[in-house]
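# Report on the structure
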Amino acid sequence: MRKAFCRTLTKIAATDPRVMLLTADLGFMVLEPFADAHPSRFLNVGVAEANMIGLATGLAAGGFVPFVYSIATFATMRGYEQIRNGPILHNVPVRIVGVGGGFEYGHGGFTHHALEDLGIARIQPGLTVIAPADHVQAAEAIRSTYAMPGPIYYRIGKRDDYVLPGLDGRFRLGRLETVGQGNDIVVISIGSISAEASAAVQRLSAKGVDATLAVVSSLRPAPVDDLRSLLDRFACAITVEEHYIDGGLGSLVCEVAAEMGSGCRVIRCGVKGMPSFCGGETCLREAQGLSSDGIFNSALKALGELGS
Amino acid sequence: MNRNLTVLSHEIRRIIIEESKRANVGHIGSALSVAEIIAALFDGALHKPGTDDPDRDRFILSKGHAALALYAALHVKGILDLDRLRTYCCDGSLLGVHPEHLLDGVDFSTGSLGHGLSIGAGAALAARLNEADYRCVVLVSDAECNEGSLWETVMFAAHHRLSNLVAIIDNNGQQAMGKTKDVIDLNPLGDKWRAFGWDVHDVDGHDPGMMAQTLASLDTRTGPPHVLVAETVCGKGVSFMEGKVEWHYLPLSEDQYSVALDELEAARR
């Protein structure tokens, strides 16, 4: 998604002179197309995320649409207060691009694992929160939202070689996109981990369990009406996110279920605690039950419990 | 001294004392500290301050806890009417202890230290990219220089030669829990900014004419960003407040109010 992001933004900037790209010294071998095409609107501010957010606030107030880029942990948390008191408070179009949510920077270790970025972003009124599932959807999400008036957080995955089967790049702000029409269980996922959720749904199908995959890419505005429809239709929902189980997608679905008095059981698959060892993305996902196997097993277990 | 500026400084002080007493709130010392700085800015140094003219100089009160001094200047300059000024710290008002951008005349909301200079640098950069002439002036407190985020911007602005960015440091030597020299000694403060590549000017922060002259002399089209290290006294103008840490917090009693107004009136004459 990183390259899709840069490719898309480079094209947008060719026709929209307001668009700028700021990085806090990250994006080597990723951001060069933008920097080469629009050198006067590309700025490496140095390793200084808090300053980057402040600069972007001043630029946005001055008529620009600045994108600020860093690894998701640094992009959201180092300057969190500046995001709150800057673009959110002043309602100006700063775009915060956090790369590599969850365990995507696997061996980089805990400092590089964004496990709460969506949660801390979605609680801020006025901040649009978008987490695409693949690079095709990421490009569409950026194209269709970049010109909105207020601030946006984009959680952008690292992979540019994966396309989620059946999603076809669909993106609508405040809506979710479904893949398949199974009636036995719904798997609701967000972001890059949707690849594992999709694989789990295919395995369930092979096992005779008809599942629907619902991809949530817009966490704020939340797809509340779509979620209500799903929760009405299914007896069990599995949420899947590469994020702490508290505060993100699973919490959102539980909030909607509780407020509507839904009888649908919600099982949250996510990161349950701080990892106690190093490992690659696949290893860390597996350890948290977030591989396709883990999601598949969670679904079967939930269905078994419902049946018993 | 420039007589108009001196009159405006006195007027700002009087309003600070009257409104803080009416609202029964503190932060009086910090507001009194910047009366002459605000007077110099709002009576000549800034281009169309407090208006919505796109070419106006931007002003950011990064030490937002001195908002009452800003409200006073906006009132004296006819931007904030008396009825509205009198809503300071009332429920439902836009005039809080820290400035809100929804209030006419306030470019950016502030209140959290170490943030305003970066917004100012962004605004200055926007002016340069838009080939606009406006400058951006940011008033920071000395203790605000404790914030690491401020120094990120100090480095950035020097590297990018943001000549249209002007920082003014209210160097009153006082912070929330004591004297700056006892908490985190900042000296030599001007040398620190100079070492980072800024054009440094040491000024008397209670001489508005001198500050206006200095501000007018700055080359804001080429060269490095500028900083005025303004030597000030926290609580300036009210003898029992000067240099006393408690006036970061305390509201005025009836007796203190009376003495403060008498002293200000005596100084005005």
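Definitions and limits used
Residues numbered from 1 in each chain as written. Chains lettered and ligands numbered in written order. Predicted model: local features only at pLDDT ≥ 70, side-chain atom pairs only at ≥ 80, totals over all residues. Helix = DSSP H or I, 4+ residues; strand = E, 2+ residues; numbered from the N terminus. Rg over C-alpha atoms; globule rule 2.2 N^0.38 Å. Contact = placed C-beta atoms within 7 Å. Pairing = 2+ DSSP bridges. Axes fitted to C-alpha atoms, helices over the stretch in contact; angles between N-to-C directions. Buried ≥ 20, exposed ≤ 12 C-beta atoms within 10 Å, placed from the backbone. Domains from an automatic or database assignment. Expected span 1.5 Å × (residues − 1). Arc of directions from axis to C-beta.

We now examine the overall build of chain A. A tally of regular secondary structure across chain A gives twelve helices and twelve strands. For 308 residues, the compact-globule formula gives about 19 Å, and the C-alpha radius of gyration of chain A, at 19 Å, lands near that figure. Put simply, of all contacts in chain A between residues at least 6 apart along the chain, 78% involve residues at least 24 apart.

With 21 residues of chain A at the contact, the number on the chain B side is 20 residues. Elements with a contribution of two residues or more to the side of chain A that touches chain B: helix H3 (49-61) and helix H5 (80-90) of chain A. At nine residues, the largest contribution of residues to the side of chain A that touches chain B is made by H3(A).

Residue and element names in this part refer to chain A. Ordered in space as S7-S9-S8-S11-S12, the five strands form an open sheet in which the pairing is mixed. In this open sheet, the two edge strands, each paired with only one partner strand, are strand S7 (176-179) and strand S12 (265-271). Taking each pair of neighbouring strands and ignoring which way they run, the sheet shows an average axis angle of 20°. Where strand S11 (residues 236-244) meets S12, six bridges bridge the pair, whose relative direction is parallel. Opposite Cys236, over in S12, you have Arg265 as the bridge partner. Packing of helix H12 (residues 292-307) onto the sheet brings it into contact with strand S8 (185-189), strand S9 (211-216), S11 and S12, and relative to S11 it is tilted by some 145°.

This paragraph deals with the pairing of strand S1 (residues 58-61) of chain B. Residue and element names in this part refer to chain B. Burial along S1 is two-sided: the face carrying Arg58 and Ile60 and the face carrying Phe59 and Leu61 are both buried. In the sheet, S1 pairs with strand S2 (residues 136-141) via four bridges, with the strands oriented parallel. Paired with Leu61 across the strands is Leu139, a residue of S2.

Let us look at the environment of B:Lys236. Residues and elements named next belong to chain B. Within the secondary structure, Lys236 is located in the loop between strand S7 (226-231) and helix H11 (254-268). The exposure class of Lys236 is buried, given the 23 C-beta atoms found within 10 Å. Separated by 200 residues in the primary sequence, Lys236 and Glu36 place their C-alpha atoms 9.9 Å from one another. Here Lys236 is in contact with Leu32, Ser33, Ala35, His206 and Glu242, once residues within four sequence places are set aside.

Let us look at the domain arrangement of chain A. All names here are of chain A. Per the domain assignment, the segments making up chain A are domain 1 (2-156) and domain 2 (176-307). If you average the C-alpha positions of domain 1 and of domain 2, the two centres end up 26 Å apart. Where the side of domain 1 that touches domain 2 is concerned, the elements lending two or more residues are helix H6 (117-122), strand S5 (128-130) and helix H7 (135-145).

All names here are of chain B. Here Asp202 is to be found in strand S6 (residues 199-204). Using a count of 14 C-beta atoms within 10 Å as the deciding quantity, one classes Asp202 as partly exposed. Contact partners of Asp202, with chain neighbours within four places excluded, come to Gly190 and Val229.

A few words now on unusual backbone geometry. A cis amide bond links A:Arg220 with the next residue in sequence, A:Pro221, at an omega value of 0°. The topology assignment puts A:Pro221 in the loop between strand S10 (218-220) and helix H9 (224-233). Here the bond from B:Asn187 into B:Pro188 is cis, since omega is -5°, no more than 30 degrees from zero. Counting through the fold element by element, B:Pro188 comes out in the loop between helix H8 (180-183) and helix H9 (189-195). The residue A:Asp25 is not glycine, and still its phi comes out positive at about 70°. Looking at where A:Asp25 falls in the secondary structure, it is placed in the loop between strand S1 (19-23) and helix H2 (32-37). The exposure class assigned to A:Asp25 is partly exposed, which follows from the 15 C-beta atoms found within 10 Å.

Before going further, it helps to examine H12(A). Residue and element names in this part refer to chain A. For H12, with 16 residues, the first-to-last C-alpha span of 22 Å sits near the 22 Å given by 1.5 Å per residue. For H12, every residue scored as buried is listed here: Ser292, Ile295, Phe296, Ser298, Ala299 and Leu303. Down the axis of H12, the smallest arc covering the buried residues is 160°, so these residues share one side. With respect to the buried face of H12, the exposed residues turned more than 90 degrees away are Lys301, Gly304 and Glu305. Contacts made by the buried residues of H12 are with S8, helix H8 (194-206), S9, S11 and S12.

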